[in-house]
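Here are the chains, one letter per residue:
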Amino acid sequence: MAKKLYPVCARCTKAVCYPLLKSGEEPSIDDAPAFCPMKLMPDLIEKTITEYDRPEVKEFARLASVQEFECYETLPEGRRTKIPRVEELIQFAGKCGYKRLGIAFCTGLVNEARILTDVLERKGFEVVSVRCKVGAAPKEIIGIREEEKIRGPGWHETMCNPIAQAEVMNALEVDLAIMLGLCIGHDTLFIKYCRVPMTVLAVKDRVFGHNPLAALYLANSYYGRLMTKTGE
Ligand code: SF4
């Protein structure tokens, strides 16, 4: 039986979706690989384009693209980047007219949360923040056993409560919620429950200083164990 094809853009060498053409020239998907989502799901892709006809979506997408543009500068010697993500955040929030920002942070990044609060307040925003441990509920509530506590058996250990973090953001109707260093899974719950616009400043990586891509940059050298097949 033929194997069902799924989109695998990561393995595409054609990238006909990102051609080097002059304005007004029409890209063709004929040369796209068989696993291209434009070939596999053309109706779905087309429908997403019409979503940008909604004025508020179109304007938001426009501002995001303008922000993207402003992250580069073109000099005689070529194009280069000029804005780190934290400044991108400040500029984009300003473009959107946001006034109140909410930081949902991991307790392990409380220092970063304080600095970020200082930075954002100095740029004129009202800043609220909620630590992941809000609620002080013990991990037993979610079925964690004594031997699964980070502090060890016999200690109270507060569970992370990303649902509360999200609901505080929702209740205060912050213009933009900013995730700062939430763990994998906790961030998933935060995203699931957050109903205000949301972005990510940083994700948790306990080993690589919250830069998870460092593991990928080393995957063919010092961190080669990532490339071994499960079971080998
Ligand atoms: S959308 Fe199609 S052409 Fe573009 S990267 Fe994915 S597979 Fe390649």
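As a starting point, this report considers the structure included with it.

1. Notes on the layout of surface pockets
What the largest pocket holds in volume is close to 430 Å³. Every residue lining the largest pocket is counted, 18 residues in all, and those nearest its centre are Lys133, Lys139, Ile150, Thr158 and Cys160. Partitioning the lining of the largest pocket into residue classes produces seven nonpolar, four polar and seven charged.

2. A closer look at the nonpolar core
Counting 33 residues, the largest nonpolar core has Leu101, Leu120, Met169, Leu180 and Phe190 as the members making the most contacts within it. Considering each element in turn, this core owes the most residues, five residues, to strand E5 (residues 176–180). The residues contacting leucine 101, other than those within four sequence positions of it, are Ala93, Leu120, Phe125, Glu126, Val127, Val128, Val174, Leu176 and Ile178.

3. Considering the pattern of salt bridges
Once the charged atoms of two side chains with opposite charge are near each other, the side chains can pair. Scanning the entire structure with this criterion turns up 12 salt bridges. A salt bridge links arginine 54 to glutamate 56; the nearest nitrogen and oxygen atoms lie 3.1 Å apart. With a relative accessible area of 39%, arginine 54 lands in the partly exposed category. For glutamate 56, a relative accessible area of 48% puts it in the partly exposed group. With a closest N to O distance of 2.8 Å, glutamate 73 and arginine 80 form a salt bridge. What makes arginine 80 partly exposed here is its relative accessible area of 45%. When salt bridges with common partners are traced through the structure, they connect Glu51, Arg54 and Glu56 into a single cluster.

4. Comments concerning the site of the ligand
Around the ligand, a shell composed of Cys9, Cys12, Ala15, Val16, Cys17, Pro33, Phe35, Cys36, Pro37 and Met38 is seen. Counted by class, the shell around the ligand contains 10 nonpolar, no polar and no charged residues.

5. Focus on the pairing of strand E2 (residues 78–81)
Here four bridges tie strand E1 (residues 72–75) to E2, and the two strands are oriented antiparallel to one another. Bridge pairing in E2 places leucine 75 opposite glycine 78. Where E1 folds back on E2, the antiparallel hairpin that results is connected by two residues.

6. A few points about the pairing of E5
For E5, a buried count of five out of five residues is recorded, marking the element as mostly surrounded by other parts of the structure. Of the two faces of E5, both are covered, the one formed by Leu176, Ile178 and Leu180 as well as the one formed by Ala177 and Met179. In this structure, strand E3 (residues 100–105) lies alongside E5, joined through five bridges in parallel fashion. Residue pairing across strands places isoleucine 103 opposite isoleucine 178, the latter belonging to E5. Examined bridge by bridge, E5 and strand E6 (residues 198–202) share four bridges and lie parallel to one another. Following the sheet pairing, leucine 180 is matched in E6 by alanine 202. Following the backbone out of E5, through helix H7 (residues 186–193) and into the adjacent parallel E6, one traces a crossover that is right-handed.

Here is what the cut-offs are and how they apply
- Residues numbered from 1 in each chain as written.
- Predicted model: local features only at pLDDT ≥ 70, side-chain atom pairs only at ≥ 80, totals over all residues.
- Heavy atoms only, no water.
- 1 Å grid on protein atoms, 1.4 Å probe; cavity = no way out; pocket = protein on both sides within 12 Å on 5 of 7 lines; lining within 4 Å.
- Points joined across faces, edges and corners; volume = space filled by probe spheres on them.
- Nonpolar A, V, L, I, M, F, W, Y, C, P; charged D, E, K, R; others polar.
- Core = buried A, V, L, I, M, F, W, Y, C linked by side-chain atoms within 4.5 Å.
- Buried < 20%, exposed > 50% of the residue type's maximum accessible area, 1.4 Å probe, protein only.
- Helix = DSSP H or I, 4+ residues; strand = E, 2+ residues; numbered from the N terminus.
- Contact = heavy atoms within 4.5 Å.
- Salt bridge = Lys/Arg side-chain N within 4 Å of Asp/Glu carboxyl O.
- Near = heavy atom within 4 Å.
- Pairing = 2+ DSSP bridges.
- Right-handed = clockwise from strand over helix to strand, strands pointing away.

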